[in-house]
Amino acid sequence: MEDLASAVRRGLAARADPSAAPGMQRYMKSTMPFRGVAKPAREELVRELVAARPAPTPAEFAVAVRALWDGAEYREERYVALTLTGHRRWAPPQDASWVPLYRHWIVTGAWWDFTDEIASKRIGVLLRAAPAELSPVLRAWAGDGDRWLRRTAVIAQLGSGTGTDLDLLRHAIETNLADPDFFLRKGIGWALRQHARVDPGWVREFVTAHPGLSSLSRREALRHLG
């Protein structure tokens, strides 16, 4: 596993489109440059890497993806690190011990493309698997000084459906209700809109009971409810 980061970087370099890179960087408003490797090409690279290597031990895997993330010079390297952690057949099973790594990625990634994937498809999965361990973490993140941890607390349950912890959702939203940050307000609206798919009555009552919701959050929450 020691050469995984190097293999990823070689693979990305081979697939790079320098003409596309500046536009990708502008769109994402990223200070970190892009190689110009679109998602389908990155997924192809991951398939090749997985096929060529035996499944790693959990310790080996954690070291490899952390090295890939922390040593990244191009944004696609971090995208691949994140993709690898979600590979169901190759990545090791994950539990609450992975939370510090994901917290590190949320804080150092510090943008919506990383945060939203980690929140909904990594932290959210862990929350549903181990609510007693993850719920206190997300309650703390809801009031953290880092806005991306706060957004994570708000949107982590996007995939929870009828299993949504409503007390946790309420806490995360109410803690950030007055925050003027666009990404938090958008996240609040997104979380409410998603929950409205399974419990529109709860969402209507919540919006009515919270006149302090920003117009953005309210509009997003009620988008499909009229």
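This text gives an overview of the structure that appears in the document. (Residues numbered from 1 in each chain as written. Predicted model: local features only at pLDDT ≥ 70, side-chain atom pairs only at ≥ 80, totals over all residues. Heavy atoms only, no water.)

Moving on, we come to the packing of aromatic side chains. Applying the stated criterion to the full structure yields 13 aromatic pairs. Ring geometry for Phe34 versus Tyr79: centroids 6.1 Å apart, planes at 50 degrees, classification tilted. Placement of the pair is Phe34 in the loop between helix H2 (21-28) and helix H3 (39-51) and Tyr79 in helix H5 (residues 75-85), with a sequence separation of 45 residues. Judged by its relative accessible area of 7%, Phe34 is buried. (Phe/Tyr/Trp six-rings, centres within 6.5 Å; stacked < 30°, edge-to-face > 60°. Helix = DSSP H or I, 4+ residues; strand = E, 2+ residues; numbered from the N terminus. Buried < 20%, exposed > 50% of the residue type's maximum accessible area, 1.4 Å probe, protein only.)

Let us now look at the pattern of salt bridges. Tallied over the entire structure, the rule returns 16 salt bridges. Measuring nitrogen to oxygen at the nearest pair gives 2.9 Å for the salt bridge that ties Arg15 to Glu48. Within this pair, whereas Arg15 is found in helix H1 (residues 4-15), its partner Glu48 is found in helix H3, the two being separated by 33 residues in sequence. Glu220 is the salt-bridge partner of Arg193, the closest N and O atoms lying 2.4 Å from each other. Linking Arg193 in helix H11 (residues 182-195) with Glu220 in helix H13 (residues 215-221), this pair joins segments that are 27 residues apart in sequence. Just as Arg193 is buried, Glu220 falls in that class too. Each of Lys186, Arg193, Glu220 and Arg223 takes part in salt bridges that share partners, so that together they form one network. (Salt bridge = Lys/Arg side-chain N within 4 Å of Asp/Glu carboxyl O.)

What follows deals with the nonpolar core. Ranked by size, the top nonpolar core spans 67 residues in total, and within it Val8, Leu84, Trp105, Ile123, Leu138, Trp141 and Leu192 carry the most contacts. When residues of this core are assigned to their parent elements, the largest contribution, six residues, is made by helix H7 (residues 112-129). Residue contacts for Leu192: discarding those within four places in its chain leaves Ile173, Trp202, Val203, Phe206, Val207, Leu213 and Ala221. (Core = buried A, V, L, I, M, F, W, Y, C linked by side-chain atoms within 4.5 Å. Contact = heavy atoms within 4.5 Å.)

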